[in-house]
Amino acid sequence: MRIRRLKLSGFKSFVEAAELRIDPGLTGVVGPNGCGKSNLLEAIRWVMGESSPKSMRGGGMEDVIFAGTAARPPRAFAEVVLHAQTSDGEELEVLRRIERGAGSAYRVNGRDVRAKDVALIFADAATGAHSPALVSQGRIAAVIAAKPAERRAMLEEAAGIAGLHVRRKDAESK
Ligand code: ATP
Ligand code: MG
């Protein structure tokens, strides 16, 4: 899977709608401290279904919504759209939106889906919110300190078989 474009609106410091093209050859994002580089990586993890506010550097999930500044009022919602091309060459558009007091909603290619469906798409493509392809600050130290079971989970995610556990749990509960 190849991520092609990322659109953000009201997400963290990206208060105005912003679009980022991720062309082959892009190797880095540079900018002064606090300009939003890490927020971009978090937007990718968030639209892939990240459910832990702590790993988004927030106390609650609504903390991803632009909180306002002295000059700008807060936003009522945050939205991230990720465009990708699957390994079969198909176009994939994943949208996640969160509204204050209303929780998150997801859409894949224009259709309403559950968080679980989004997580499965990325798990099957051996990527996703916890994929080793997205290395956030402190992650290297966390891998070194991880317990064997946690390390196995990372390897399973990398191998693209993490989705099988979800499906087995589903099947067992039926
Ligand atoms: P560094 O080079 O220090 O790693 P960075 O470019 O990675 O910086 P980020 O951590 O992505 O910067 O961005 C931090 C900025 O995002 C801070 O200015 C912070 O106030 C802002 N920010 C984070 N969450 C929100 C929010 N909910 N509303 C408004 N601004 C936010
Ligand atoms: Mg940073």
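Residues numbered from 1 in each chain as written. Chains lettered and ligands numbered in written order. Predicted model: local features only at pLDDT ≥ 70, side-chain atom pairs only at ≥ 80, totals over all residues.

J.: If you had to explain the overall build of the protein chain to someone new, which residues and values would you point to?
T.: For the protein chain, the count of helices and strands is five helices and six strands. Scanning the protein chain from its N terminus toward the C terminus, one meets helices and strands in the order β-β-α-β-β-β-β-α-α-α-α. In terms of overall dimensions, the protein chain is globule-like: its C-alpha atoms have a radius of gyration of 17 Å, near the 16 Å expected for 174 residues. Dimensions of the protein chain along its principal axes, counting C-alpha atoms only, are 50 × 40 × 35 Å. Put simply, 55% of the contacts in the protein chain that link residues at least 6 apart link residues at least 24 apart. (Helix = DSSP H or I, 4+ residues; strand = E, 2+ residues; numbered from the N terminus. Rg over C-alpha atoms; globule rule 2.2 N^0.38 Å. Contact = placed C-beta atoms within 7 Å.)

J.: Please give an account of the environment of Thr127 that cites residues and values.
T.: Here Thr127 lies in the loop between α2 (115-124) and α3 (139-145). Given 21 C-beta atoms within a 10 Å radius, Thr127 is considered buried. The sequence separation of Thr127 and Ser13 amounts to 114 residues, and the corresponding C-alpha distance is 25 Å. (Buried ≥ 20, exposed ≤ 12 C-beta atoms within 10 Å, placed from the backbone.)

J.: Can you explain the sheet that holds strand β6 (residues 111-113)? Please cite residues and give values.
T.: If you walk across this open sheet you meet the six strands as β2-β1-β3-β4-β5-β6, and the pairing is antiparallel. Looking at strand neighbours, the two that pair on one side only are β2 (18-21) and β6, the edges of this open sheet. Strand-to-strand twist in this sheet, taken as the mean axis angle between neighbours without regard to direction, amounts to 20 degrees. Bridging between strand β1 (residues 2-9) and β2 involves four bridges; their strand directions are antiparallel. Following the sheet pairing, Arg5 is matched in β2 by Arg21. The strands touched by helix α1 (residues 37-47) are β1, β2, β3 (77-85) and β4 (91-99); relative to β3, the strand with the most contacts, the crossing angle is about 80 degrees. Against the sheet, α2 makes contact with β4, β5 (103-108) and β6, and its axis sits at roughly 50 degrees relative to β5, the strand it touches most. (Pairing = 2+ DSSP bridges. Axes fitted to C-alpha atoms, helices over the stretch in contact; angles between N-to-C directions.)

J.: I'd like a description of the site of ligand 1, backed by residues and values.
T.: In the vicinity of ligand 1 there are 14 residues, among which Ser13, Lys37, Ser38, Asn39 and Ala67 approach most closely. Each residue belonging to the shell around ligand 1 can be placed in one class, and the counts come to four nonpolar, seven polar and three charged. (Near = placed C-beta within 6 Å. Nonpolar A, V, L, I, M, F, W, Y, C, P; charged D, E, K, R; others polar.)

J.: Can you tell me about the packing of α2 against helix α5 (residues 162-172), naming the residues and giving the values?
T.: Relative to each other, α2 and α5 sit at 140 degrees, their axes nearing to 8 Å. Put simply, α2 runs oblique to α5. Taking contact as the criterion, the partners of Lys116, Leu120, Ala123 and Asp124 in α2 are, on α5, Ala162, Gly163 and Val166. (Parallel < 35°, antiparallel > 145°, perpendicular 65-115°, else oblique.)

J.: Tell me about the nonpolar core, and name the residues and values.
T.: Counting 29 residues, the largest nonpolar core has Phe11, Ala43, Val47, Val64, Val80 and Leu82 as its most contacted members. Of all the secondary structure elements, the ones that give two or more residues to this core are β1, α1, β3, β4 and α2. (Core = buried A, V, L, I, M, F, W, Y, C linked by C-beta atoms within 7 Å.)

J.: Explain the UniProt feature "binding site: ATP" (unreviewed entry) in the protein chain to me, and be specific about the residues and the numbers.
T.: Sites flagged by UniProt as "binding site: ATP" (unreviewed entry) map to Pro32, Asn33, Gly34, Cys35, Gly36, Lys37, Ser38 and Asn39. With respect to the helices, strands and loops of the structure, Cys35 is situated in the loop between β2 and α1. Given 12 C-beta atoms within 10 Å, Cys35 falls into the exposed group. Once residues within four sequence positions are removed from consideration, Gly36 is found in contact with Lys12, Ser13 and Phe14. (UniProt positions renumbered as here; feature names shortened; annotations may be inferred.)

J.: I'd like a rundown of the pairing of β3, residues and numbers included.
T.: Of the pairings in the sheet, the one linking β1 to β3 comprises seven bridges and is antiparallel in character. Counted as the bridge partner of Ile3 is Ala84 from β3.

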